[in-house]
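# Structural overview for review
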Amino acid sequence: MTGTRLIPAVERPDDPPARLSACVMAHPARQTAAERLAGALRELGAGVVTDPKPGSAGGTLRTSRLAWSRVEPGATHHLVVQDDSVLAPDFVRHALAGLRALPGHALGLFTEWGSFTSYALRTAALVGADWVEVVDGYMPAQALILPADVAREFDPYAARVAAGDEPDDEVLLGFLRAMGVPMVVSVSNLVQHGDEVSIAGNGWHGLRKAACWRAADAVAPGGTVLDRIALVPFFSWFTGKAICRFRHQPTSDDWRQVPAVDLLRAYGLGDDDVRRLIANASPPRTGDTAVPADLTEALLTAAVAVGLVAAECGALGGARTKEPVAAAALATLAPGGLRNFVAGDALPAVSERLLPVVEAATQLGLETAQRTSRSGHDLPAARHSPQWSGPIDDHSGRR
């Protein structure tokens, strides 16, 4: 990587200097796409590394190790972007703002719309946070920024502990935990996943688009983080069930689960309230693809639960679901969950049709939790102590 220029973030007098280097990791079959991405990151002098053994197991980890080894001298942070990424306009400026706000964090700039973390992201969007704690069993690595001294340690770490055929995002999670680096994802994703067929064998996952993609309306993230997460509602794109996953200790991997309707019942809601939302929705248009009733009910149960949890985390009621970031995050709930249950060509129309009722379900959860308290059911509060009240924690040290 010759000729690299490290672009400073916008600095204030009391801010330490920040310099970002970058690399695109690619499969040789996507060399052209990777070079286009590197061109879009030419401000950073980004280079490209490709899998040296394409077709052999462990390609993502092998290539990731190379990419994280390309930290430039003088860099304070390093960015690695995968070859099937689409960058938001003004991506570099927004990325620099993010690392300036949270210089000691691992900053994921994408999470896919059906991931476990995407539901925590929707909660954070309703609360108004800039970032959300990663709660998946992997570190979203489509586009990821690490502090430079951390990035330099990934290759030797992987050489010591990895068998070699693990996905890089899972190894990154273990590595960042071992290094004590907090992991977050930007609520407004700064990267979209391309439509290319998966080379890594993830095609069976279906479409994996951004959980909150605002494209030209993307804004630079600040430093507010929704973390200490204890309870996350989730509609599984694999099983079609609505659940609440919970843990009793911060950062624990011991996630347990109950049906999401248990949380609704703790607030005096239930299946009948969800069915009433469906009945009050506009009737399907001629030619609309029908979504089975049980899937629709499960999807909307998860949406109500998201609203309940968001209210526990401090989200206000009113028109919160219509605010731009929250609206963008809620717009992906249906397609992210239904992507393997509805044909791809019908998914946009089905999702558009379901969006008003998803918003109404979320609003029901928000308003219910604001006027009543939970009773019964052994579920923890939405966040671990110390209990949050008032402004969200600003991990940059500023309010």
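The preceding data block contains the structure.
In this text, all values refer to a predicted model and were calculated from it rather than measured experimentally. (Residues numbered from 1 in each chain as written. Predicted model: local features only at pLDDT ≥ 70, side-chain atom pairs only at ≥ 80, totals over all residues. Heavy atoms only, no water.)

### Topic: the sheet that holds strand β13 (residues 242-246)
Taken in spatial order, the three strands of this open sheet run β12-β13-β14, and their pairing is antiparallel. Each having just a single partner strand, β12 (231-235) and β14 (256-259) make up the two edges of the open sheet. Across the sheet, the mean angle from the axis of one strand to that of its neighbour is 30°, orientation sign disregarded. In this sheet, β14 lies alongside β13 in antiparallel orientation, the contact comprising four bridges. Each residue of the ladder has a partner; that of F246, found in β14, is R256. On the sheet, helix α4 (residues 116-127) packs against β12 and β13 and is oriented at approximately 115° with respect to β12. Contacting β12 and β13, helix α9 (residues 293-312) runs over the sheet at an angle of about 160° to β12. (Pairing = 2+ DSSP bridges. Helix = DSSP H or I, 4+ residues; strand = E, 2+ residues; numbered from the N terminus. Axes fitted to C-alpha atoms, helices over the stretch in contact; angles between N-to-C directions. Contact = heavy atoms within 4.5 Å.)

### Description of the environment of T117
Note on placement: T117 falls in helix α4. Between the alpha carbons of T117 and P140 there is a distance of 9.1 Å; along the sequence they are 23 residues apart. With residues near it in sequence (within four places) discarded, T117 still touches T111, V132, E133, V134, V135, D136 and V185. In this structure the side chain of T117 is engaged in a polar contact, spanning 2.6 Å, whose partner is the side chain of D136. (Polar contact = N/O pair within 3.5 Å; in protein donor to acceptor, adjacent residues only side chain to side chain.)

### A few points about the layout of surface pockets
Put simply, the second largest pocket is a space of about 440 Å³. Lining the second largest pocket are 26 residues, with E133, V134, R177, M183 and T251 sitting closest to its centre. Secondary structure elements with two or more residues in the lining of the second largest pocket: α6 (168-179) and β9 (183-186). For the lining of the second largest pocket, the element with the most residues is α6, which contributes three residues. (1 Å grid on protein atoms, 1.4 Å probe; cavity = no way out; pocket = protein on both sides within 12 Å on 5 of 7 lines; lining within 4 Å. Points joined across faces, edges and corners; volume = space filled by probe spheres on them.)

### Some points on the pattern of salt bridges
Per the counting criterion, the structure on display carries 18 salt bridges. The closest approach of N and O atoms between E112 and R339, which form a salt bridge, is 2.7 Å. With a gap of 227 residues between them, E112 in the loop between β6 (106-108) and α4 and R339 in the loop between α11 (333-338) and α12 (347-371) connect regions that are remote in the sequence. Exposure remark for E112: the relative accessible area of 10% places this residue in the buried category. You can call R339 buried: its relative accessible area is 6%. (Salt bridge = Lys/Arg side-chain N within 4 Å of Asp/Glu carboxyl O. Buried < 20%, exposed > 50% of the residue type's maximum accessible area, 1.4 Å probe, protein only.)

### What about unusual backbone geometry?
Even without being glycine, R228 reaches a positive phi, approximately 55°. Within the secondary structure, R228 sits in the loop between β11 (225-226) and β12.

### Focus on the packing of aromatic side chains
Describing an aromatic ring pair means giving the distance of the ring centres and the angle of the ring planes. If you walk through the whole model with that rule in mind, you get six aromatic pairs. On the numbers, 6.2 Å between centres and 80° between planes, the contact of W237 with F238 is edge-to-face. By relative accessible area, which is 12% here, W237 ends up buried. A relative accessible area of 58% places F238 in the exposed class. (Phe/Tyr/Trp six-rings, centres within 6.5 Å; stacked < 30°, edge-to-face > 60°.)

No statement about biological role is implied by the geometric values presented.
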